[in-house]
Structure formats: structure tokens, C-alpha cells
Amino acid sequence: MTTLLSNACGELDAVVEFDPVIIGKMSQSGPRYTSYPTADRFTADFGYGNFLEAVAALRMRGGRRPLSLYVHVPFCDTLCYYCACNKIITKDRSKAATYLSYLKQEIAMQSKLFAGMNQIEQLHFGGGTPTYLSEKQMDELMAHLRQHFEFAPDADGEYSIEIDPRTVSRERVFSLRAQGFNRISLGVQDFDADVQKAVNRIQPEAETVAVMQAARDAGFRSISIDLIYGLPKQSMETMTETLRKVINASPDRIALYHYAHMPHLFKPQRRILDADMPDSSTKLAMLGLCIARLTAAGYVYIGMDHFAKPTDDLAVAQRQGRLHRNFQGYSTRAEADLIACGVSAISSVGAVYSQNEKTLDAYYEKLDEGVLPIARGIKLETDDMLRRIIIQMLMCNFELSIATIEQAHPVIFRSYFAAELEKLRDLARDGLLLIEEDWLTVTPKGRLLIRNICMVFDRHLAEARARAALASPDQPQPLRYSKTV
């Protein structure tokens, strides 16, 4: 059965068609494309010197482009069993004090590199739980950032922070707004008590709603919540009730993630009982339910895992062709280079990606040596840059102008991507996209499978799978990615 869902808020508004048959056929493990090449292609051959070269190249091009800044705070009070983030579970607050001293050192080093071209228009604090830091610690960190970077005015900049509603008071929410944050993201995942118990995250609805109301009263411009479908103990009934509560709470943005159960990679997930997991058909039905309820409530389907109210900047950016995708998901700042500070954080500057050390000891050791704590990365080749643009356009706009690509790059699209076009024709026969003379257009049916479409252009993924098949032709490869739907 096929369900057609749409939003009535403008001619460019997203339309998505939920077809469980085609989704069941096409769903496979694949990248989320928060970068291209994806982070699993980064190598240790890339180091501090490569990053310095990228910044120098940026400076040589001249001009002042706005920057995006990401700050990673890895600490959490308690362990959520589903979590696959880079985090440190501890109640020893002295660890945060030590971490802050090193983080400030890294921030100062980055600011010197970007001197004269360091206006920040977008800031995101992620984790872990950024509000693990005390109010005083956050005050000092924000003051340090302002000392070393120039920030756009509040009305022009997008300054967001992820919070755990269980750990903040109404007063703390007002304090965060006074410290300069104007967007706030709350982890919710599910409102059902049994589901919360199964994932070790007890979070009453009233507590979450109170924090959201405090954010509105404090003047936050946008409130976002995260939901996950496919968690243990979830059912169509529990998901229906959670969606009712979410819609009543009326957040500006909603991120809806598919739970990737990979206990072989993430130890905390081993505490989740297999018997409690919903089966594949139930998870697929949950996705259809979520899309139907959220779009009926007036939310715009942005793409993949994001929904937003028509008036939210994310929906506006998509309608205006300014939408971008980076390591925080969909973003409104397509032209900004991304500086990332903190353990495991990933920067995107010019034609390079660089990732910081993943452990505190290694992170501290590099900074003690007076160098940025870069562990690995990748310098993009011309082919990578071309494919990155194509994947970005498809992910954000659901269409690709072949003529625009040919004008900007010295390629004849149909020749250069002959093999990819052949694979796309198979997807077109399934109704996922239209292949025209000058355009590739993702259909409403294909929007939920946009990762599958983008995977066709992923040269690194194709080469890795070919190598794996040659090495072990009869052995199934272990899952390294979540399911595409």
C-alpha cells in the first residue's frame, strides 16, 4: 500500500511518498552523508601539517567567508543504552575542569590560524551533554570564545546547544539564552515509560515540556527535539502516543532517527534485550506513522531524518536553495567552513576533513606538544569535490542540474558518470528518480531512499565493497552503517 503525504506551505514544499514495499526492497546499510568522503575513509596519514596547508589555501583565496564552529563536550552523568556517540560517563566533575583547560587551548590555537577571517555565524555545542558543564564553566567558555572569535549579532547568527532536559532547570535555560545561545535541542527519543526504562533514560513528559516552555519564555528562536524509532519496547501504540505528545509540545524542528542496533560496535547496546526489539515490519510501519502524523500536523519533511515548521529557518533555507548538510545534520549555512574543537570533533575546511583524537589522553598529549590534536583526516581530490557537490545537492534539494555541474567542472556528465547513470536507471525503473536530459530529480517515492541514490555516486564505498568481496566472497560483511531507512 502506498501513502502519499504532503505539506501545504508553498510550491517548493517537500512531498514524500511512503511505499513500504519499495522501502523494504531497497533498505540496506549505508552512510548518512554528513560528509563526503565519509569519516570511515579518513586516514592517519593526514596530520597537523595538512590542516595548516588547507587554512593557508583558504587565506590565499582572499575574502572573508563566515565560519561555523562546533564544540564537543563529551561528558554525561548517566549512560543511555542506545547511544553511539563519543561520550564519557562520569560523575567526577574535576574531569570537566581539566578538559576545559585543554579545550580553551585548542580554541586559542584555531583562532590564531583564522585571524582576520574568523567571524562566526553558526555555533553548535554537542556531546555528550554540553550542560554537564556548570553555569560558571559555560560562562567562562563562552567568554573565551568571544575573546578569540568575532561573532555575528544574535539576530544574524545561529547559536545552538544540545541539552538533556533531565539536567537543566528553568533558571539554567534562561542562563543559556543570556550566554548567547538562541537555538536549543532536546533529547527526547520516546515518551513511553517502558521504552525509557529499557534504554535507561527516564524522562517524564512534564519535565521535557517545562524545559521547552522555559526556552520559549527565555526567547530561544527555535526548539528542536530528537526522536528515535526502533527502540526496545516500542510499538505502534506507544509511538502513536509519543507522537501525540510531541505534536502537542509543538517543537520547531524534529529529528527522527532510526535506531541502529549494532552491539558488536557499541558496548552499551549489549544491555538491550533482543527480545524487546520491534521487528523490521513494525519499525517500517512506525516510520510511516511518524511521517503521516508529523506532516499532517503541518511539519515540512526536510529530508532523511528532519522535519521543521514552515516558518523555521531550516524550511526557509530549503525553499531558497541554501540548505547544507554537515556533521550536525541539515544546516542553513551552506557557504561556511566548519572549525570543530574538542575530543573526536571533525572539521571541514576547504578541501580537507580533519578529526581530533578520540581519547582524552591522546587529545591532551597533542595539545601539550603545542599542536592541534588531529588524529586523522583526508584531503579531497578533484573527483571527491565533484562528488561531494552532487551528493550535497541531492541530499538537500532532491534534484541535480547536470548543466550546472558541467559549467562548474571540466566534465561531460554523461560520460564521466556513465556507470553511475546505469545504476540510477535501475532506481528510476523502481520510481525513485527521473533522469532527464539536463536534470536528475528525486521523486516523492525516492525521498525516503535518498541515501541509496547518493550511494551510487560514492566511489570510495564502491571500491571498499569491491575489495571486501574479493577478500571474502562468501562471507557477509559486518554492518558499519545504519540502515538507509
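Parameters at a glance
- Residues numbered from 1 in each chain as written.
- Predicted model: local features only at pLDDT ≥ 70, side-chain atom pairs only at ≥ 80, totals over all residues.
- Heavy atoms only, no water.
- Helix = DSSP H or I, 4+ residues; strand = E, 2+ residues; numbered from the N terminus.
- Rg over C-alpha atoms; globule rule 2.2 N^0.38 Å.
- Buried < 20%, exposed > 50% of the residue type's maximum accessible area, 1.4 Å probe, protein only.
- Contact = heavy atoms within 4.5 Å.
- Lys, Arg positive; Asp, Glu negative; His and termini not counted.
- Charge placed at Lys NZ, Arg CZ, Asp CG, Glu CD.
- Expected span 1.5 Å × (residues − 1).
- Phe/Tyr/Trp six-rings, centres within 6.5 Å; stacked < 30°, edge-to-face > 60°.
- Lys NZ or Arg CZ within 6 Å of the ring centre and 35° of its normal.
- pLDDT = per-residue confidence, 0-100.
- Salt bridge = Lys/Arg side-chain N within 4 Å of Asp/Glu carboxyl O.

## Quick look at the overall build of the protein
Within the protein, the secondary structure is distributed over 17 helices and 22 strands. Its C-alpha atoms give the protein a radius of gyration of 22 Å, near enough to 23 Å, the size a compact globule of 485 residues would have. Projected onto the principal axes, the alpha-carbon positions of the protein cover approximately 60 × 55 × 50 Å. Here the protein, with 485 residues, has 57% of them falling under the buried criterion. Here the analysis covers contacts within the protein between residues at least 6 apart in sequence; of these, 73% occur between residues at least 24 apart. Across the protein, 56 positive and 59 negative side-chain charges occur, with their mean positions spaced 2 Å apart.

## Describing helix 3 (residues 94-113)
Along its 20 residues, helix 3 runs 30 Å from first to last C-alpha, staying within 8% of the 28 Å computed at 1.5 Å per residue. The complete set of buried residues in helix 3 reads Ala96, Tyr99, Leu100, Tyr102, Leu103, Glu106, Ile107, Ala108, Met109, Gln110 and Ser111.

## Examining the environment of Ser68
Within the fold, Ser68 resides in strand 3 (residues 67-73). In this structure the C-alpha to C-alpha distance between Ser68 and Asp40, which are 28 residues apart in sequence, comes to 22 Å. Once you skip the residues sitting within four places of it in the chain, Ser68 turns out to touch Gln122, Ala336, Asp337, Leu338 and Ile339.

## Topic: the packing of aromatic side chains
Throughout the structure, instances matching the rule amount to 13 aromatic pairs. An angle of 55° between the planes, with centres 6.0 Å apart, marks the rings of Tyr363 and Tyr364 as tilted. In this structure, Tyr363 and Tyr364 share a single accessibility class: buried. Taken together, the ring pairs in this structure connect Phe75, Tyr99, Tyr102, Tyr132, Tyr363 and Tyr364 into an aromatic cluster. Looking at Arg93, its charged tip hangs above the ring of Tyr132, at a distance of 3.8 Å from the centre.

## Some details on the confidence of the model for the protein
Where the model shows low pLDDT, its predicted coordinates should not be examined in detail. Chain-level statistics for the protein give a pLDDT mean of 90 and a share of 94% at 70 or above. When the elements of the protein are averaged for pLDDT, strand 1 (residues 3-6) gives the smallest value, 46, and helix 5 (residues 170-178) the largest, 98. Low pLDDT, under 50, characterises residues 1-14; the predicted model gives this stretch 38 contacts beyond four residues in sequence or across chains.

## Remarks on the pattern of salt bridges
Taken as a whole and judged by the stated rule, the model has 29 salt bridges. A salt bridge links Asp305 to Arg32; the shortest N-O distance between them is 2.0 Å. Of the two residues, Asp305 sits in the loop between strand 12 (300-303) and strand 13 (306-308) while Arg32 sits in the loop between helix 1 (20-26) and helix 2 (48-61), which places them 273 residues apart along the sequence. Here Arg32 falls in the partly exposed class, since its relative accessible area comes to 26%. With a shortest N-O distance of 3.7 Å, Lys245 and Glu205 are connected by a salt bridge. A residue pair is termed long-range when its members are at least 10 positions apart, and Lys245 in helix 8 (residues 236-249) and Glu205 in helix 7 (residues 205-218) qualify at 40 residues. Through salt bridges with shared partners, a single ionic network connects Glu381, Asp383, Asp384, Arg387, Glu420, Arg459 and Glu463.

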